[in-house]
Amino acid sequence: MNRITNLILWMILKMTGKVFFGIDYSISCPAMCIHEGDNWSYDNCHFYYLTSRKKSLINCGNITSELHKSFSSNEERFDQIADFFISQIDYCCRVLIEAYSFGSIGQVFNIAECTGILKHKLYLKNCKIETLPPTSLKKYASDRGNATKLFMHSAFQKETNKDFSKLVNCEPGDSPACDCIDAYYLCRYSFDKHINEL
């Protein structure tokens, strides 16, 4: 599909408002799921993610990935991460991002700064930004607010009949599979919440 055809498709989808975005944002392996259409289906989803693992670099079917670029500062790194996702969003839309986990440890301020850059760029594109706490996402996806990554993987596989870890060459519960699965459920949550408003 060429760029003009793709743009026309996006314009039609924009007018009908039936495009949903879910982003599981992080520094190491951020992922996004885009769903297009009136009926929820895995086949209507496209996944985007960044990774530093060459074996998980996949670009086929409904999966697009890139390796992280080299960087000379955190500011450059955070900007590059945000630009990868912003480049996939051609127009004003609704985006659901997983909210910060209050139990997080490590470089939490870096994660906040990185996410802040993404949110600012989404704001400049006039996107409607919503967040969902991790426990609410887990509860929605698996009926368990404390679900592990493996449990989420199992719920996804049961729902879609797809083993995402095999698609992206990693172990179940590892990145980038777990990040794409979270992005999938964020996108689906937004779809379920807003599809009847459009």
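Just above sits the structure.
This text gives an overview of the structure that appears in the document. (Residues numbered from 1 in each chain as written. Predicted model: local features only at pLDDT ≥ 70, side-chain atom pairs only at ≥ 80, totals over all residues. Heavy atoms only, no water.)

It is worth spelling out the nonpolar core at this point. Within the largest apolar cluster, 32 residues are counted, with the highest numbers of intra-cluster contacts made by F47, Y49, F164, V168, Y184 and Y185. Sort the elements by how many residues they give to this core and helix 7 (residues 177-194) lands first, with nine residues. In contact with V168, other than residues within four places in its own chain, are Y49, K55, S56, I58, I63, P176 and A177. (Core = buried A, V, L, I, M, F, W, Y, C linked by side-chain atoms within 4.5 Å. Buried < 20%, exposed > 50% of the residue type's maximum accessible area, 1.4 Å probe, protein only. Helix = DSSP H or I, 4+ residues; strand = E, 2+ residues; numbered from the N terminus. Contact = heavy atoms within 4.5 Å.)

In this structure the tally under the stated criterion is 14 aromatic pairs. Geometrically, the ring pair formed by F156 and Y185 is edge-to-face, given 6.4 Å between the ring centres and 85° between the ring planes. Remark: Y185 occurs in helix 7 and F156 occurs in helix 5 (residues 149-160); sequence separation between them is 29 residues. Summarising the burial analysis for this pair, F156 and Y185 share the class buried. Measuring from ring centre to ring centre gives 5.0 Å for Y184 and Y185, while their planes differ by 85°; the resulting arrangement is edge-to-face. Its relative accessible area of 1% is what places Y185 among the buried residues. The ring of F151 is capped by R144, whose NZ or CZ atom sits 4.2 Å from the centre of that ring. (Phe/Tyr/Trp six-rings, centres within 6.5 Å; stacked < 30°, edge-to-face > 60°. Lys NZ or Arg CZ within 6 Å of the ring centre and 35° of its normal.)

On their own, these measurements won't tell you what the molecule is for.
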